[in-house]
Amino acid sequence: MKKLTLLASASAVAVMGVAANAADSDDPIVIPIHNWSSQIVMSNVVGQMFEEMDLNVEYVTTDSQAVYESVRLGDVALELEVWEGAFGASFREALSKGGLHDAGDHDAVTREDWWYPMWTKDACPGLPDWKALNDCAAVFATAETGDKGRYLDGPVDWLKHGQERVEALGMDFVVVNAGSAAALWAEIGAAEAEKKPVVVFNWTPNFAEAVWPGEFVEFPAWEDGCDTDPSVGPNPDALYDCGNPATGYLKKAAWDGMKDKWPTAYCVLTKISFTNPQIAEMAKLVDTDELEPEDAAVEWLSANRGIVDPWINECSG
Ligand code: TMO
């Protein structure tokens, strides 16, 4: 008897959901997944919100640069984490071709750049200045890098241009690309016991800031055009002679066709705005607590109904 009541009320909710979103297509909303934890968890959070609204969702793993072409063509419906530093150039290029648009900023302020755990400063007290880092290059030398310092950059698809920056600024560093985000955390973790100095690619918001206090290296400040116009930045003949934006945006992007095909989901997408602590928590549930991304999303959602329910309600009326 109890079971029957539950079933009846569950289907009543489902019917209401369909009615509320009758304008939305039954085709799956394809959400792209990349290779860092907050993006994967956020994509699952939003996918689960859409499923609660009785919409269909499909996840595809895609390259984090090529995805802007996929959004533009409607092969995927949206992108939830457009980081200015890593993806600004690909996003702007796709915008100029047409087919996708800026679906609004998250509240979060982002930074992605060369970073060190605080103990590194003991061996190189002039930090965070990049020239001081370069004067300390030998401190970061390994068997693999000879008398030059080792810098562990992000996976290649994040296009961080570490090698170009080293050349543009004449630095005594060898740039090695990590195979995965996990390799970055392993490098820091391995250095921790002996407080070995290390410099690696890192970003905020991220789980790492709660685990390892640290700082970004201060490079010549980012100026628009540093990646397209050699005359911008201190080296008049080189691109990438600046740091990444220190107060970067985090945007959402949408396929232009999304608002007609899934108007309710699109409405929710435009309302979504996550903060630095919310995004750091999404990453932590996977990278520190070791949950699977789907389970991390369930957990995050259940702890944050007060944040997401108003967005869903405002769009489902
Ligand atoms: C693109 N990322 C946030 C990993 O720097």
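Topic: the domain arrangement of the protein
Domain parsing of the protein yields domain 1 (29-109 + 248-316) and domain 2 (111-216). Across the contact, 19 residues belong to domain 1 and 15 residues belong to domain 2. Here domain 1 and domain 2 share 0 salt bridges between them. Inspection of the region where domain 1 meets domain 2 yields 7 residue pairs in polar contact (both at pLDDT 80 or more). Looking at the side of domain 1 that touches domain 2, the elements with two or more residues in it are α4 (84-97) and α12 (276-287). Among the elements that take part in the side of domain 1 that touches domain 2, α12 stands out by supplying 6 residues, more than any other. By residue class, the composition of the side of domain 1 that touches domain 2 is 9 nonpolar, 6 polar and 4 charged.

Things to note about the packing of α12 against helix α13 (residues 293-303)
At a minimum axis separation of 9 Å, α12 and α13 run at an interaxial angle of 135 degrees. In terms of axis orientation, α12 runs oblique to α13. Note on packing geometry: the crossing formed by α12 with α13 is right-handed. Contacts from Gln 278, Glu 281, Met 282, Leu 285 and Val 286 of α12 reach α13 at Pro 293, Ala 296, Glu 299 and Trp 300. Counted by class, the contact of α12 with α13 contains 6 nonpolar, 1 polar and 2 charged residues.

Examining the sheet that holds strand β3 (residues 78-83)
Spatial strand order, β3-β10-β4: 3 strands in an open sheet with antiparallel pairing. Only two strands of the sheet have a single partner each, and these edge strands are β3 and β4 (100-105). If you compare each strand with its neighbour and ignore which way they point, the axes differ by 30 degrees on average. In terms of strand pairing, β4 meets strand β10 (residues 250-255) through 4 bridges, oriented antiparallel. Bridge assignment links Leu 100 to a residue of β10, and that residue is Trp 255. Packed on one face of the sheet, α4 meets β3, β4 and β10 and runs near 130 degrees to β3.

Overview of the packing of aromatic side chains
As enumerated under the stated definition, the model contains 18 aromatic pairs in all. A ring pair is formed by Trp 158 and Phe 201, whose centres lie 5.9 Å apart and whose planes are at 50 degrees; its orientation type is tilted. Pair noted here: Trp 158 is in the loop between β6 (149-153) and α7 (162-168) and Phe 201 is in strand β8 (residues 200-204), with a separation of 43 residues, a long-range link. Overall, Trp 158 belongs to the buried group, its relative accessible area being 3%.

Notes on the packing of helix α11 (residues 263-271) against helix α14 (residues 305-316)
Remark: α11 packs on α14, axes separated minimally by 9 Å, with the N-to-C direction vectors making an angle of 140 degrees. For the element pair α11 / α14, the angle class is oblique. As α11 runs across α14, the sense of the crossing is right-handed. Between α11 and α14, the residues in contact are Thr 264, Cys 267, Val 268 and Lys 271 and Trp 311, Ile 312, Glu 314, Cys 315 and Ser 316, respectively. Residues that form the contact of α11 with α14 fall into these classes: 5 nonpolar, 2 polar and 2 charged.

Considerations on the site of the ligand
With respect to spatial proximity, the complete set of residues near the ligand consists of Trp 36, Trp 83, Ala 86, Phe 87, Glu 112, Trp 158, Phe 201 and Trp 203. Within the side chain of Glu 112, one N or O atom sits 2.8 Å away from an oxygen atom of the ligand. When isolated, the ligand has an accessible area of 210 Å², and the protein chains bury 100% of it. Among the secondary structure elements, those contributing two or more residues to the shell around the ligand are α4 and β8. Among the residues forming the shell around the ligand, the class breakdown is 7 nonpolar, no polar and 1 charged. Built from parts of two domains, the shell around the ligand gets at least three residues from each of domain 1 (29-109 + 248-316) and domain 2 (111-216).

With respect to the state of the cysteines
By definition, a disulfide is the covalent link that joins the sulfur atoms of two cysteine residues. Within this structure, the stated rule accounts for 3 disulfides. Linked covalently through their sulfurs, Cys 226 and Cys 242 form a disulfide whose S-S length is 2.3 Å. The S-S bond linking Cys 226 to Cys 242 shows a torsion near 100 degrees; that makes this disulfide right-handed. With Cys 226 in the loop between β9 (214-216) and β10 and Cys 242 in the loop between β9 and β10, this residue pair connects regions lying 16 residues apart in the sequence. For the pair shown, Cys 226 and Cys 242 are each scored as buried. In the protein, the bonded cysteines, taken in the order they occur along the sequence, pair up as 1-2, 3-4, 5-6.

Details of the side chain of Asp 241
With respect to the secondary-structure elements, Asp 241 resides in the loop between β9 and β10. From its side chain, Asp 241 meets the backbone nitrogen of Asn 235 in a polar contact 2.8 Å long. In this view, Asp 241 contacts Ala 168, Leu 169, Pro 220, Cys 226, Val 232, Gly 233, Pro 234 and Asn 235; residues no more than four positions away in its chain are not counted.

The rules behind each value
- All residue numbers here refer to positions counted from 1 along the written sequence of the relevant chain.
- Given that this is a predicted model, residues contribute local features only at a pLDDT of at least 70 and side-chain atom pairs are listed and counted only at 80 or more, while totals for whole chains, interfaces and linings are drawn from all residues.
- Based on all heavy atoms of the structure, the side-chain values leave hydrogens and waters out of the count.
- How far each domain reaches was decided by an automatic or database domain assignment.
- When checking whether two residues touch, look at their non-hydrogen atoms; a contact exists if any pair is within 4.5 Å.
- Note on definitions: salt bridges are taken to be side-chain nitrogens of Lys or Arg within 4 Å of carboxyl oxygens of Asp or Glu.
- Throughout this description, a polar contact denotes any pair of N or O atoms lying within 3.5 Å of each other; where both atoms belong to protein, one of them has to be capable of donating a hydrogen while the other can accept it, and for residues adjacent in sequence the pair is counted only when both atoms sit in side chains.
- Where helices and strands are cited, they refer to DSSP runs of H or I of at least four residues and of E of at least two residues respectively, numbered from the N terminus.
- Nonpolar residues are Ala, Val, Leu, Ile, Met, Phe, Trp, Tyr, Cys and Pro. Charged residues are Asp, Glu, Lys and Arg, and all others, Gly as well, are polar.
- Here the axes come from fitting lines to C-alpha atoms, over the contacting stretch only for helices, and the angles between their N-to-C directions go from 0 to 180 degrees.
- Angle categories: roughly parallel below 35 degrees, roughly antiparallel above 145, roughly perpendicular from 65 to 115, and oblique for all the rest.
- Crossing handedness is defined as follows: a turn of the near helix away from the far one that is anticlockwise and smaller than a right angle gives a left-handed crossing, while the clockwise case is right-handed.
- A strand pair is defined by DSSP finding two or more bridges across the two strands.
- Classification of ring pairs uses Phe, Tyr and Trp, with its six-membered ring standing for Trp, and accepts pairs whose centres are within 6.5 Å; under 30 degrees between planes counts as stacked, over 60 as edge-to-face, and the remaining range as tilted.
- Buried means the residue's accessible area, taken with a 1.4 Å probe over protein chains only, is under 20% of the maximum for its type, while exposed means over 50%, and partly exposed covers the values in between.
- We call a residue near a molecule or strand whenever a single non-hydrogen atom of that residue lies within 4 Å of it.
- Surface exposure here means Shrake-Rupley accessible area, sampled with a 1.4 Å probe, where a residue is shielded only by the protein chains that are shown.
- Cysteine sulfur atoms are paired as a disulfide whenever they fall within 2.5 Å.

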